[in-house]
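Residues per chain are reported as follows:
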Amino acid sequence: MTKLKIGDPWPFRSVRGLTGRPLSKPKWHALVVAPQQEAKAAEILRGAGVEVLYPTVERVRHIRGKRYNFTTPMISQIIYAKFEFAPQWDVMRQRRVITGVFSLGGYPVNVREADVMRMMGLPTEVDRQEAARIASLTPDVGERVTLNGGPLSGFCVDVVRSEMGRVWYRGISAIGRIEGEASVEAIQRIAQ
């Protein structure tokens, strides 16, 4: 028997609960629920210690001249659940929490976390790393950079605007005034 200290979470160990023994690695599953029961199923699963996500959209409905805003699932009858404890599918079906789970050959399919994040419209770890890389390459307004590639390769110009991986520049050379835009990969910062 494990000794618990004050502040420790109470271990969920019901023999026939929605979840069972701890998993070595958390797993995501796509679950099928009854029509218009996504929120109820998510609440029940969260009560069992399961992280639940499903994409939603804001809708407006006019009833008797009044405007009502409400949230509905973007994909009807499908929720994504991250199980840290082994799911007991038969108990979930008997208690009508779910009606099924996405399976292949009779075995539930594990969904990658990156796919769940894309469905939710959230950035994945790869997206966050790419955004950080672009932010580190993007110069500040007023900074001097060198153009790499193209007919103006080697020219030093001043940055007048930068956003979303694009840079707008302006400079003066022997041939006249230079203005244009380039991606952050086509420029190089000058060490100061």
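Parameters and conventions
Just so you know, the residues in each chain are numbered from 1, in the order the chain's sequence is written. Only residues with pLDDT of at least 70 are given local features in this predicted model, and only at 80 or more are side-chain atom pairs given and counted; all residues enter the totals for whole chains, interfaces and linings. Side-chain figures throughout are based on the complete set of non-hydrogen atoms in the structure, without hydrogens or water. We count a stretch as a helix when DSSP gives it H or I for four or more residues in a row; a strand needs E for two or more, and each element gets its number in order from the N terminus. Any two residues having at least one pair of non-hydrogen atoms within 4.5 Å are treated as being in contact. Surface exposure here means Shrake-Rupley accessible area, sampled with a 1.4 Å probe, where a residue is shielded only by the protein chains that are shown. Charged residues are defined narrowly, with Lys and Arg counted positive, Asp and Glu counted negative, and His plus the chain ends left uncounted. Throughout, a charge is located at the NZ atom of Lys, the CZ atom of Arg, the CG atom of Asp or the CD atom of Glu. Two strands pair if DSSP finds at least two bridges between them. Interaxial angle, 0 to 180 degrees, is taken between N-to-C directions of lines fitted to C-alpha atoms, where a helix line uses only the stretch in contact. Each nonpolar core is a collection of buried residues, namely Ala, Val, Leu, Ile, Met, Phe, Trp, Tyr and Cys, held together in the definition by side-chain atoms within 4.5 Å. To sort residues, take the accessible area from a 1.4 Å probe on protein chains only and compare it with the maximum for the residue type: under 20% means buried, over 50% means exposed, and anything in between is partly exposed.

**Digging into the overall build of the protein**
Along its length, the protein carries four helices and 13 strands. Along the three orthogonal principal directions, the C-alpha set of the protein runs to about 80 × 60 × 45 Å. Restricting to contacts in the protein with at least 6 residues of sequence separation, those with at least 24 account for 56%. Carbon together with sulfur atoms contributes 54% to the accessible area of the protein, which is approximately 13500 Å² in total. Where the 28 positive side-chain charges of the protein centre and where its 19 negative ones centre are 10 Å apart.

**A few points about the sheet that holds strand β9 (residues 144–147)**
Strand order in this open sheet of five strands is β12-β11-β10-β9-β13, and the pairing throughout is antiparallel. Strands at the two margins of the open sheet, each flanked by one partner only, are β12 (176–183) and β13 (187–189). The mean inter-strand angle of the sheet, taken between neighbouring strand axes irrespective of direction, is 40 degrees. In this sheet, strand β10 (residues 156–163) lies alongside β9 in antiparallel orientation, the contact comprising three bridges. Counterpart to Arg-144 in the pairing with β10 is Asp-158.

**Focus: the nonpolar core**
The biggest cluster of nonpolar side chains holds 18 residues, and the ones touching the most others in it are Leu-18, Leu-31, Leu-45, Val-52, Ile-79, Met-92 and Val-97. Formed by ten residues, the second largest nonpolar core is a distinct cluster that contains Val-145, Leu-147, Ile-178 and Ala-182.

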